Amino acid sequence: AQSVTQLGSHVSVSEGALVLLRCNYSSSVPPYLFWYVQYPNQGLQLLLKYTTGATLVKGINGFEAEFKKSETSFHLTKPSAHMSDAAEYFCAVSGPASKLTFGTGTRLQVTL
Amino acid sequence: DVKVTQSSRYLVKRTGEKVFLECVQDMDHENMFWYRQDPGLGLRLIYFSYDVKMKEKGDIPEGYSVSREKKERFSLILESASTNQTSMYLCASSRGTENTGELFFGEGSRLTVL
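Residues numbered from 1 in each chain as written. Chains lettered and ligands numbered in written order. Predicted model: local features only at pLDDT ≥ 70, side-chain atom pairs only at ≥ 80, totals over all residues. Heavy atoms only, no water.

Draft legend 1. Representation of the interface of chain A and chain B in the model. At the interface, 22 residues of chain A touch 25 residues of chain B. Roughly 1800 Å² is buried in total at the junction of chain A and chain B, and carbon and sulfur atoms are behind 51% of that figure. There are one salt bridge connecting chain A and chain B. A:Lys49 serves as the salt-bridge partner of B:Glu102, at 3.4 Å between the closest nitrogen and oxygen. Between chain A and chain B we count five residue pairs in polar contact (both at pLDDT 80 or more) in total. Elements with a contribution of two residues or more to the side of chain A that touches chain B: strand 4 (32-38), strand 5 (44-50), strand 9 (87-94) and strand 10 (100-102) of chain A. Looking at the side of chain A that touches chain B element by element, the count peaks at four residues for strand 4 of chain A. (Contact = heavy atoms within 4.5 Å. Buried area = accessible area lost by both parts, 1.4 Å probe. Salt bridge = Lys/Arg side-chain N within 4 Å of Asp/Glu carboxyl O. Polar contact = N/O pair within 3.5 Å; in protein donor to acceptor, adjacent residues only side chain to side chain. Helix = DSSP H or I, 4+ residues; strand = E, 2+ residues; numbered from the N terminus.)

Draft legend 2. Broad picture of the sheet that holds strand 8 (residues 73-78) of chain A. Residue and element names in this part refer to chain A. Strand order in the open sheet formed by five strands is 1-3-8-7-6, and the pairing between neighbours is antiparallel. Only two strands of the sheet have a single neighbouring strand rather than two, namely strand 1 (3-7) and strand 6 (56-58). For this sheet the average axis-to-axis angle between neighbouring strands, irrespective of direction, equals 20°. Bridge analysis of strand 3 (residues 19-26) against strand 8 gives four bridges, and the strand direction is antiparallel. When the bridges of strand 8 are listed, Val-19 appears paired with Lys-78. (Pairing = 2+ DSSP bridges. Axes fitted to C-alpha atoms, helices over the stretch in contact; angles between N-to-C directions.)

Draft legend 3. Inspection of the side chain of A:Thr106 at higher detail. Residues and elements named next belong to chain A. Topologically, Thr-106 is positioned in strand 11 (residues 106-111). Looking at Thr-106, the relative accessible area reads 0%, which means it is buried. A polar contact is formed between the side chain of Thr-106 and the side chain of Gln-6, at a distance of 3.3 Å. One polar contact links the side chain of Thr-106 to the main-chain carbonyl oxygen of Gly-8, over a distance of 2.8 Å. Once residues within four sequence positions are removed from consideration, Thr-106 is found in contact with Gln-6, Leu-7, Gly-8, Ser-9, Val-11, Leu-21, Ala-87, Glu-88 and Tyr-89. (Buried < 20%, exposed > 50% of the residue type's maximum accessible area, 1.4 Å probe, protein only.)

Spelled out as structure tokens, the structure:
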């Protein structure tokens, strides 16, 4: 069975500051890991994913995440926050046949 | 543009009514999913389907059923709506041949049951 834990339901950063959203996973098999973003009144869209290979993964809009097996983590970062990054972010882990298990989400607020 | 379309963005129904939520995808995807999204609980899988006329229960199937008569269409049915089914419902699809977990989501259907 797979599960993910997102630490912090709300994160607030200043525009231009580092964004760090935390995700830890549990998986009985080598995991596929994902970050999705949901803007207000919209569905989710894929931000980035780790399947195999390079452990540092780059996604859209300047986000990246690093798979750390020893820490069972897949934290999402962005060097400099923009107002347009305000959204809800979901970490997810994949099991067999594309069935994803999502975390509870982290709402990112960006202030001036 | 590839698309997952959910027929209703907002619905208001009364307790005991039968509710249909429709989802259509134009990407020829094999897999389709229905999730429920609630604050603080994230997304929870209700039902999914890997092929036409095939369905499997997710984590919270109670009170719901589904129908997949055509590859592109996956319907969620609430036989007798209850107030605890007030929620945001998200449909998603993915390719069946790749186990990459990349889902394509619709914009959601916000259901209120009075």
